[in-house]
Amino acid sequence: MARKKFIAGNWKMNTTVEEACALAKGVVDTVGNVSDVDIAVCPPYTNLSAVYEIIKNSNVKLGAQDVHWEAKGAYTGKVSCAMLKSVGVTYVIVGHSEQRQYFGETDATVNKKVKAVLAAGLLPIICVGETLEERKGGKMDAVIERQVRGAFEGLSVEDTLKCTIAYEPVWAIGTGETATPKQANDAHVFIRGIIFKLYGDETAGAMRIQYGGSMKPDNAKDLLGQKDVDGGLIGGAALKATDFAGIVRPV
Ligand code: 13P
């Protein structure tokens, strides 16, 4: 089954509202009419509304970088799925390695977030990936399998089909060091194999798996040309509209 490519920009903790609007405008101007690739931008919470106003009549969708699983209440600093939905969000990044590394995200909290996102009618982008230490120590497969199984625990086939997985080797994030196309594809094949074991052929074949980690215009073509690489989750290069566009339309 042909999987439509999906390129998403994770702006992380960058952009004031003015900067976010300028960047969003740049994205709309360059790739806003693209329809053969799914495109999303994920600004910080503070800029979601303003960015939505700029992208809403284009093919660019809005994503958030995280969410809390509870519906509402005394959770100072947190934002719910309903809140995200109310400002035009479609996608929610869940389980980013920076959340796992710095903010206590676990496979169990990822699973709660994925379920909350789906229950709200939003679409999760679930991040998995090994650290350099884990890769060197031969633990890569075990770590990724634990993360994938943890994230999808208790999900129906129907819900699973609404998810995107982002394979982001931690050692390639923001380091300028990219997984080789073969390393990326091998990891994606492995991840697809886990989905196959859990949900069977059709679901595994339909699952989009993005690569994330120092993807740029000059390496995007090789990475995206791999059979099992279905898109990218872009950090640094998503902060310049021309670079982001160069990944959506790599030459
Ligand atoms: P970089 O593209 O800056 O390496 O970041 C990747 C990433 O973490 C996207 O979520």
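About the thresholds
- Residues numbered from 1 in each chain as written.
- Predicted model: local features only at pLDDT ≥ 70, side-chain atom pairs only at ≥ 80, totals over all residues.
- Heavy atoms only, no water.
- Helix = DSSP H or I, 4+ residues; strand = E, 2+ residues; numbered from the N terminus.
- Areas by Shrake-Rupley, 256 points an atom, 1.4 Å probe, with all protein chains shown as cover.
- Lys, Arg positive; Asp, Glu negative; His and termini not counted.
- Charge placed at Lys NZ, Arg CZ, Asp CG, Glu CD.
- Buried < 20%, exposed > 50% of the residue type's maximum accessible area, 1.4 Å probe, protein only.
- Pairing = 2+ DSSP bridges.
- 1 Å grid on protein atoms, 1.4 Å probe; cavity = no way out; pocket = protein on both sides within 12 Å on 5 of 7 lines; lining within 4 Å.
- Points joined across faces, edges and corners; volume = space filled by probe spheres on them.
- Nonpolar A, V, L, I, M, F, W, Y, C, P; charged D, E, K, R; others polar.

Caption draft 1: The overall build of the chain, seen in detail. Along the backbone of the chain there are 12 helices and 8 strands. When the accessible surface of the chain is split by element, carbon and sulfur atoms take 54% of a total near 11,300 Å². Of the side-chain charges in the chain, 29 are positive and 29 negative, and the distance between the mean point of each set is 2 Å.

Caption draft 2: Representation of the pairing of strand β5 (residues 123–128) in the model. In terms of burial, β5 is largely enclosed, as 5 of its 6 residues are buried. Direction of pairing for β5 relative to strand β6 (residues 164–167): parallel, over a ladder of 4 bridges. Paired with C127 across the strands is A166, a residue of β6.

Caption draft 3: Up close: the layout of surface pockets. If you add up the space inside the largest pocket, you get close to 460 Å³. Along its surface, the largest pocket is lined by 18 residues, and M13, Q65, D66, Q99 and F103 are the ones closest to its centre. The class makeup of the residues in the lining of the largest pocket is 8 nonpolar, 6 polar and 4 charged.

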